[in-house]
There are 2 protein chains.
Amino acid sequence: MKLILPSGDTITASPHFSLLDNLKKGGIHIIAPCGGGSGICGRCKVIVKEGPYRTRLKEKLSDQELADGYVVACQTFLKGDLKIEVPPASLLSTEGAVAAGKAEELAESFNSYQVAIQPLTIRVDLELPKPTLTDNVSDTARLKRGLAQIGYAKTNFPYRLMRELARNLREANWSVTVVLVDMDYGKEIVRLRPGAKGEDQGKYGLAVDVGTTTVVVYLVDLLAGRLVDSAATYNYQIIYGEDVISRIIYATDKGGLKELQDIVIDNINNLIESVIDKYSLAEECIDSIVISGNTTMTQLLLGLDPAWIRLEPYIPTANNFPITSAGRLGINVMPDAPLYTMPCVASYVGGDIVAGVLATKMHKSDDLSILIDVGTNGELVIGNSEWLITTACSAGPCFEGGGLKYGMRATQGAIDSVRVNPHTFAAEITVIGGGVPDGVCGSGIIDAIAELFLAGVITPKGQIRTDLGLKNFRSTASGGEYILYQNENKIITITEPDIDNILRAKSAIYAGFKVMLREVGLSFEDISNYYIAGGFGRFLHIDKAIIIGMLPDQPREKFKYFGNTSATGAYLCLLSAQLRREAEDVANKMTYLELSVSRQFMDEYVAGMFLPHTDLAAFPSVAELTAT
Amino acid sequence: MKLILPSGDTITASPHFSLLDNLKKGGIHIIAPCGGGSGICGRCKVIVKEGPYRTRLKEKLSDQELADGYVVACQTFLKGDLKIEVPPASLLSTEGAVAAGKAEELAESFNSYQVAIQPLTIRVDLELPKPTLTDNVSDTARLKRGLAQIGYAKTNFPYRLMRELARNLREANWSVTVVLVDMDYGKEIVRLRPGAKGEDQGKYGLAVDVGTTTVVVYLVDLLAGRLVDSAATYNYQIIYGEDVISRIIYATDKGGLKELQDIVIDNINNLIESVIDKYSLAEECIDSIVISGNTTMTQLLLGLDPAWIRLEPYIPTANNFPITSAGRLGINVMPDAPLYTMPCVASYVGGDIVAGVLATKMHKSDDLSILIDVGTNGELVIGNSEWLITTACSAGPCFEGGGLKYGMRATQGAIDSVRVNPHTFAAEITVIGGGVPDGVCGSGIIDAIAELFLAGVITPKGQIRTDLGLKNFRSTASGGEYILYQNENKIITITEPDIDNILRAKSAIYAGFKVMLREVGLSFEDISNYYIAGGFGRFLHIDKAIIIGMLPDQPREKFKYFGNTSATGAYLCLLSAQLRREAEDVANKMTYLELSVSRQFMDEYVAGMFLPHTDLAAFPSVAELTAT
């Protein structure tokens, strides 16, 4: 039996496996947050156009979806040839096209540091003299002597490699490639294989950003120092809660630590599989990994009990993590591939922020900069080459599409920009990848709220006015909704609860700015650069973010949108030993300011719950726009 | 149901378990070289005096044994209460009484070094300040800071301890005991537990001698630096061959490496269980282990492929081994207990010989000494504080009772000394522990051959004269036998093949002496001390060993019998970091001389196949005795 795709491509399929598994075997990876097969999340949707099948779990689908032939792939089994279509939103897609431009950006970022490419592993080719009765040192001693002769003295030799050393050296006829890794305590031998100069095995590395909402994997050519491709999906842990606090509760009070760890590792493995499948690479081609995540994501990934991150005085188990191996965590690459974890700063400022500092280079400049990373949490860093201070303000996941009725990640099918006609109040939208939208991402929702506010559709308190005779309006039990898009069988709206969510989030961020600046005796004017990071979308409109009062009303040229700086920082550290040291310096150097106990922060937060702000004088350019 | 012992003690027993297992549960440990339960070796013999049972494997027992009620314990199941007796030879016994004197000897040996007690683990008590909002470093950083404040900076912190660190620190209310170990690359944290100053947990260590024939475990009080008790048994690997070569062949050609590793670890675990049971200690009381063995035994224990030890140019995988953990090898003590392996010198001079040098202190003296360690192999060391040279000469296991018709280890029931009446040619024997003998050990057989040679019963070529009308003689298909002991149902003899074995062994040792001395341009007279080590028995008679031509005919005061120096050296290294460093220095310093390719050695070996030697002039005192 076979599956026939719209392109005409076919996949040989078995009736004994689910549609999800058949697609996976055929190299098509579907998003399955609950792990696939359990039917918990119902997100692995595909459309059956023609052919016989049996399916379950119809209750996870809307009437419209059922009418359109949607099925839950992990609960569907074919009974003959099927013509199917995978909707873009279901596709755990690599980002080949996107990567082209991104590869240039990343390469530029790396080149600007002017450091050598030094991945986690060091490869050394050795031609050892064969043992004789007069040169009869042990195999271990012979290998160490060979390494010492080319400058690698005192290498640490783990037991697991001793086991087969004698056979391996002889089978390689004493010509071996030794792979070393720099541990805290010195160089350690990772692996040994027959000498093969210049071959490609272990040529690639992975930079992995484990966000609360999104997991991103970059496949990097370690020899060329170049991004090859990337893949991203939701963090499958979201079925256990959208923010870090609910994950911590699940991990601790409910004993789900191992489960959450397994899920995110499965997550990463799915992404890895999708990228290496695409390039027909073997798992053995992946030589090393750098992981970047906030402190909770890092602890969950490493299986470290996160209970006390949540409880005052908010203490993580560790901020610095020794290099471990991919195999130890169950990540499906070369099992002994070293895995480096970006150092964290405190319970609510993690390795992703340290990565962000590296990506923006704010720590190299004499000018004062602010980095604001809006992920599921919001983190701020202020400083320059002399000092860095950091804090976290709970923004919630709405800028990544979380907690919004039609929210989604900034991926194919997301509405990423919105204009509102000031006369008709109708929306003009753009959709990532074009076509019919599946939802709205962070930049889209910011655009929409700013435009609707300017158009007078939304009040400063965030309510949708019902006295304007809006066509793009509908009323529901939970409040009014502004319709962004509608066709005969699809609707995408912004709801009043969505707007409230955004108000809270932007207010937390702005309050963070204010309190931190006051702490160091500075004002917005003193800051030369505002670096914005996060998964809003590729085209965050700074002016719109200022209109809603998320960003301060400063000259537009001070702002720069950096995208996913966590992944960028991981990429930089994957390529350079010096940048890994720099990341550790940055982490150690940062002073952490705890806002959760700050009375000032609460006052500022409440004051920020308006569009753009209760203190309109602080937003003169917005005041001017609304006055017209 | 129950088992009733001659003492009147009873053991609750189940009909579903074998007699062997029932006894084990009752704290009585029986020698079971094949692991117990498989019925391969048939050595776990016990006597059933009364009661119903079913049994198998009678073919492993002699008619006499069957008549006496012997059964193979692992193949016997009770059907009601049984009165049983465990023959001393079957008992995997601890050596309480022996240990008393031995403890003094070992303590003296240690004290003579004038070094501090510094076991593998270092225990540090820490009172950490509780975290607050202003002192909010991570748990790992807090612990490391605490350690740094008392002088342990840069401790390496393994992942496995991070996992539960947060909970452990809080449950201990920030008062913890940290156990550290010195790795090649610096101090590493082994374990962490609630602070408890002065308590006994982890108070004990084990010094383990893994010989080809015998495995010995010393239980040592690490605080007092004192031997508590010891236990010994055959190396269960002997069922796969008596010497290292046959074990290597089994491990490699027959793929039995894992099996041999498992057997010896099972072996060690049985001994550990027997000593800790005796003192009602928990496995957690054992804090660290030092292992001493020849190179092959060491590699088999660590699971390192020994194939190339056997093949020219005879290369071991390693001579120096990083510290590992008992748990990693499956040794049943505290799983994270560090395990130190005595460094080896070459394929046929192992950690047991390095231990022997430490035990004799020959490397501390300006005088020239020779160490001769007669185990299953024979190893020689010549030197002083300036230089050391070493070699190995294949002696075979006969001095440990191996390969002899009635041979046995020097343990309870072994004939350990023999006098032969020069007129009646009758033997007077002494038996270790008294009573009826079970066999003859190394010192007994040396005595017997020397005495029979002097009495003219054995010819210089090793044949038993049949023309003397010997009463203590019997003739069998494989040659003549001299009867050492006989009662109505037991006989112990020395056979002509036994004598031939001893001739080969002693000749190999003497040839080793000669070739090594020639190599360094010295003669027997230049040597001030002859240190003899090995498991002959507690009362090796030096003069008898000279009569058979195993030792050179030198003044008797030059000789000292040291017993099991491998275990002594392991004990010294268990107690002292400085002595561990000294062991490594000794191992590095020793020059290894390969005899297997020496023509000279073969010539000397052939010349030594007489009693005492073809060159009688080299044995003037023996010549004098035989002349009378």
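Residues numbered from 1 in each chain as written. Chains lettered and ligands numbered in written order. Predicted model: local features only at pLDDT ≥ 70, side-chain atom pairs only at ≥ 80, totals over all residues.

(A) Representation of the packing of helix α13 (residues 496-520) of chain B against helix α17 (residues 599-607) of chain B in the model. Residue and element names in this part refer to chain B. Closest axis-to-axis distance for the α13/α17 pair is 8 Å, and the angle between their directions is 135 degrees. Considering the angle they form, α13 stands oblique to α17. Judged by the sense of rotation from one axis to the other, the crossing of α13 with α17 is right-handed. From α13, S507, A508, A511, K514 and V515 reach across to α17, where they touch Q600, F601, E604 and Y605. Considered class by class, the residues forming the contact of α13 with α17 number 5 nonpolar, 2 polar and 2 charged. (Axes fitted to C-alpha atoms, helices over the stretch in contact; angles between N-to-C directions. Helix = DSSP H or I, 4+ residues; strand = E, 2+ residues; numbered from the N terminus. Parallel < 35°, antiparallel > 145°, perpendicular 65-115°, else oblique. Left-handed = near helix turned anticlockwise from the far one by under 90°. Contact = placed C-beta atoms within 7 Å. Nonpolar A, V, L, I, M, F, W, Y, C, P; charged D, E, K, R; others polar.)

(B) A look at the pairing of strand β10 (residues 186-194) of chain B. Residue and element names in this part refer to chain B. Bridge count for strand β9 (residues 175-183) against β10 is 8 bridges, and the pairing is antiparallel. Within β10, the residue paired with V178 across the bridge is L192. Between the antiparallel neighbours β9 and β10 lie 2 residues. (Pairing = 2+ DSSP bridges.)

(C) Expanded view of the relation of the copies chain A and chain B. The operation relating chain A to chain B is a screw motion whose rotation component is 180 degrees, with 0.1 Å of axial translation and a residual RMSD of 0.1 Å. What the rotation and shift describe, once combined, is the action of a two-fold rotation axis. Among all C-alpha atoms of chain A, that of A:Y185 lies closest to the rotation axis, at 2.9 Å. Looking at chain A, 100% of its interface residues are interface residues in chain B too, so the copies touch through the same face. (Least-squares fit on C-alpha atoms with pLDDT ≥ 70 in both.)

(D) Looking closely at the interface of chain A and chain B. Across the boundary between the two partners, chain A contributes 38 residues, which contact 38 residues of chain B. Broken down by secondary-structure element, the contributors of at least two residues to the side of chain A that touches chain B are α4 (139-149), α5 (159-162) and α6 (165-171) of chain A. Looking at the side of chain A that touches chain B residue by residue, the class counts come to 20 nonpolar, 10 polar and 8 charged.

(E) Structural detail: the sheet that holds strand β1 (residues 2-4) of chain A. Residue and element names in this part refer to chain A. One open sheet holds the 5 strands; their spatial order is β2-β1-β7-β3-β5, and the pairing between them is mixed. Both outer strands of the open sheet, β2 (10-12) and β5 (70-72), are each paired with one neighbouring strand and no more. Adjacent strand axes in the sheet meet at a mean angle of 40 degrees when their direction is disregarded. Relative to β2, β1 is paired through 3 bridges, and the arrangement is antiparallel. Residue I4 lies in a different strand from β2, and its bridge partner there is T10.

(F) Fine view of helix α17 (residues 599-607) of chain A. Residue and element names in this part refer to chain A. Within α17 the residues assigned to the buried category are F601, E604 and Y605. Burial along α17 is one-sided: seen end-on, the buried residues are contained in an arc of 105 degrees. Relative to its buried face, α17 has exposed residues pointing more than 90 degrees away, namely R599 and V606. On its buried face, α17 is in contact with α13 (496-519). (Buried ≥ 20, exposed ≤ 12 C-beta atoms within 10 Å, placed from the backbone. Arc of directions from axis to C-beta.)

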